[in-house]
Amino acid sequence: MLTIAILCEMNTVTAHQFFLAPFGAGAFPSRSGKEIPASYALFMCRLYNRLCSKLGIRVTDIRPFFIDISPLVAFRRSGEQNSRFRHLFLDEVHKYPHWSKEIKEINDLYPELKITFTGSSLIQILNADADLSRRALSYTMEGLSFREYLHFYKGKIIPRYSLDDILNNADTICEKMNRLCRPQKMFEEYLRTGYYPFYDGSEVEYYSRIENVVNFIIEQEMTEFCRVEPSYTRKLKAMLLFLAGNIPYEVNISKLASYLEISKNTVLSYLDSMKRAELLHLLYADNKTVTKMQKPDKIFIHNPNMLYALANQCQIGTVRECFVVNQLSARHTVEYGKSVGDFKIDGSVTLEVGGEKKTFDQIADIPNSYILADNLEYPVGKKLPLWIVGLNY
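In this report, we go over the structure that sits alongside the text. (Residues numbered from 1 in each chain as written. Predicted model: local features only at pLDDT ≥ 70, side-chain atom pairs only at ≥ 80, totals over all residues. Heavy atoms only, no water.)

**Concerning the overall build of the protein**
- Check the secondary structure of the protein and you find 14 helices and 13 strands.
- When burial is assessed residue by residue, the protein has 50% of its 393 residues classed as buried.
- Looking at the protein as shown, the accessible area adds up to about 19,400 Å², and 49% of this sits on carbon and sulfur atoms. (Helix = DSSP H or I, 4+ residues; strand = E, 2+ residues; numbered from the N terminus. Buried < 20%, exposed > 50% of the residue type's maximum accessible area, 1.4 Å probe, protein only. Areas by Shrake-Rupley, 256 points an atom, 1.4 Å probe, with all protein chains shown as cover.)

**A word on the packing of helix H9 (residues 203–225) against helix H10 (residues 233–244)**
- Two numbers describe how H9 lies on H10: the axes approach to 10 Å, and their chain directions differ by 140°. Looking at the two axes, H9 sits oblique to H10. As H9 packs across H10, the resulting crossing turns out to be right-handed. Contact residues: H9 offers Val214, Asn215, Ile218, Glu219, Met222 and Thr223, while H10 offers Thr233, Leu236, Lys237 and Leu240.
- A breakdown of the residues in the contact of H9 with H10 according to their chemical character gives five nonpolar, three polar and two charged. (Axes fitted to C-alpha atoms, helices over the stretch in contact; angles between N-to-C directions. Parallel < 35°, antiparallel > 145°, perpendicular 65-115°, else oblique. Left-handed = near helix turned anticlockwise from the far one by under 90°. Contact = heavy atoms within 4.5 Å. Nonpolar A, V, L, I, M, F, W, Y, C, P; charged D, E, K, R; others polar.)

**A closer look at the sheet that holds strand S9 (residues 334–336)**
- In spatial order, the strands read S9-S10-S11-S12-S13; together these five strands make up an open sheet with mixed pairing. Two strands bound the open sheet, and with one partner strand each, they are S9 and strand S13 (383–385). Ignoring which end each strand starts from, the neighbouring axes of this sheet average 35° apart.
- Bridge analysis of strand S12 (residues 369–373) against S13 gives three bridges, and the strand direction is parallel. If you follow Ala373 over to S13, its bridge partner there is Pro385.
- Running over the sheet, helix H14 (residues 316–329) touches S9, strand S10 (343–345), strand S11 (349–354) and S12 and is turned about 145° from S11. (Pairing = 2+ DSSP bridges.)

**Quick look at helix H5 (residues 146–154)**
- Looking only at H5, the buried set comprises Phe146, Arg147, Tyr149 and Leu150. What you see down the axis of H5 is that its buried residues fit within an arc of 160°, all on one side.
- In this structure, the buried side of H5 is in contact with helix H7 (170–180), helix H8 (183–193) and H14.
- Of the residues flanking the end of H5, it is Gly155, one or two places downstream, whose phi is positive at about 75°. (Arc of directions from axis to C-beta.)

**Some remarks on the pairing of strand S4 (residues 87–90)**
- Residues His87 and Phe89 of S4 are buried on one face, and the alternating residues Leu88 and Leu90, pointing to the opposite face, are buried as well.
- Bridge count for S4 against strand S5 (residues 114–119) is four bridges, and the pairing is parallel. Counterpart to His87 in the pairing with S5 is Lys114.
- The parallel pair S4 and S5, bridged by helix H3 (residues 99–109), forms a crossover whose chirality is right-handed. (Right-handed = clockwise from strand over helix to strand, strands pointing away.)

**Things to note about the packing of aromatic side chains**
- As enumerated under the stated definition, the model contains 18 aromatic pairs in all.
- Centroid distance Tyr196 to Phe198: 5.3 Å. Interplanar angle 15°. Geometry classified as stacked.
- Its relative accessible area of 27% is what places Phe198 among the partly exposed residues.
- On the basis of an interplanar angle of 85° and a centroid distance of 6.2 Å, the ring pair of Tyr232 and Tyr270 is categorised as edge-to-face. With Tyr232 in the loop between H9 and H10 and Tyr270 in helix H12 (residues 264–276), this pair connects stretches of sequence that are 38 residues apart.
- Of the residues examined, Tyr232 reaches a relative accessible area of 31% and is grouped as partly exposed.
- Look at Tyr270 and you get buried, because its relative accessible area is 6%.
- One aromatic cluster in this structure is built from Phe146, Tyr149, Phe152, Tyr153, Phe187, Tyr190, Phe323 and Trp387.
- Over the ring of Tyr308 we find Arg192; its NZ or CZ atom is 4.4 Å from the centre of that ring.
- The cationic tip of Lys382 hangs over the ring face of Tyr370; the distance from NZ or CZ to the ring centre is 5.1 Å. (Phe/Tyr/Trp six-rings, centres within 6.5 Å; stacked < 30°, edge-to-face > 60°. Lys NZ or Arg CZ within 6 Å of the ring centre and 35° of its normal.)

**Regarding the side chain of Arg147**
- Structurally, Arg147 is set in helix H5.
- From its side chain, Arg147 meets the backbone oxygen of Tyr393 in a polar contact 3.1 Å long.
- Setting aside residues up to four positions removed in sequence, Arg147 forms contacts with Ile158, Pro159, Arg160, Gly390, Leu391 and Tyr393. (Polar contact = N/O pair within 3.5 Å; in protein donor to acceptor, adjacent residues only side chain to side chain.)

**Considerations on the nonpolar core**
- Core analysis: the biggest nonpolar cluster contains 83 residues, and Phe146, Leu279 and Ile388 have the highest contact counts within it.
- Sorting elements by how many residues they give to this core places H9 first, with seven residues.
- For Leu279, the contacting residues outside a window of four places in its chain are Val214, Ile217, Ile218, Met222, Leu240, Met274, Phe300, Ile301, His302 and Met306.
- Counting residues in hydrophobic clusters, the runner-up holds 13 residues, among them Leu90, Trp99, Ile106 and Leu113. (Core = buried A, V, L, I, M, F, W, Y, C linked by side-chain atoms within 4.5 Å.)

Below, the structure is given as structure tokens:
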């Protein structure tokens with residue numbers, strides 16, 4: 001997950017001087033005399049050039065400063081010379097302990113400065129010391145959607161479709177998709193290895209990297225920022241593996257607490273922390289009435305790739321539902337259907353998820369209801385291909 005916050009609108013900017021301050025050390029001279037890999041320096045320059053191009057900013061003087069102390073401290077120490085800079089870009093800002101306070105101070109000192117900062121630790125970004133909500137416009141970068149996977153890995157450029165477009169114009173969308181590629185075969189690949197942009201051809205290595213990310217979140221970030229006792233990390237991992245290895249069910253907190261040998265309130269607290277860390281999706285039958293420490297009605301592993309990495313054996317039905325929840329949660333409110341359908345989207349659309357032989361028996365008399373069916377390339381009435389909701393972002 002990459003979180004980007006922009007402290008002011010940048011699409012109308014015409015100034016062209018930049019202060020680039022990524023963290024780093026080790027073949028490119030920094031102010032302290034140490035070296036930074038030239039490949040990293042080149043990558044950062046290209047990244048910001050591309051960003052400026054996207055925003056329509058004319059780049060004629062781009063000056064990178066590679067420093068091995070906090071770029072925020074270095075920037076403040078630079079004093080009056082900073083008045084000539086119009087933009088400050090900070091990469092992996094969460095690695096600095098008091099980043100939010102420093103950014104707030106810099107924004108107060110230099111109100112004309114446009115600041116863009118990125119961080120790959122969602123929990124640390126959410127737990128910022130200073131409140132930047134009234135100053136910052138934030139953007140959360142999800143994992144790759146099926147549409148983005150086709151672009152990133154297959155070179156297929158496909159427009160984004162809103163959920164309303166998908167439900168009402170599925171025939172046209174599927175016709176265009178099938179002229180461009182065979183989406184069903186690529187969708188099967190996506191479910192296993194398409195969500196994260198670091199698959200290099202080996203499933204074993206890919207799943208190992210996902211496990212490393214999960215372990216880091218539990219062992220490092222949750223103990224430091226979610227007040228999880230280090231001695232309980234083993235129980236958190238056990239909980240995650242238990243949930244990955246079981247078909248999603250209506251949650252029995254007592255059973256889960258007994259299995260983990262911890263209290264019910266501790267289970268609920270851990271579940272909430274794992275949701276914030278984007279390890280889980282917690283679904284409720286009615287989001288409007290959800291209260292703090294209320295048990296969820298259904299629990300899903302965050303995305304299908306993580307599910308495959310953690311579970312010894314995956315049920316295809318679980319994978320399908322996990323995909324739908326993951327893709328639609330990025331832009332919509334997803335509720336557990338409970339007695340009617342599998343899911344309710346934005347309180348108005350009912351979805352049933354299954355294979356190509358799935359029937360409308362369970363949602364026959366429900367208005368605005370649809371089936372998302374696997375192994376389809378074209379819709380049949382209100383039975384739509386499962387992969388089509390992956391074009392939503």
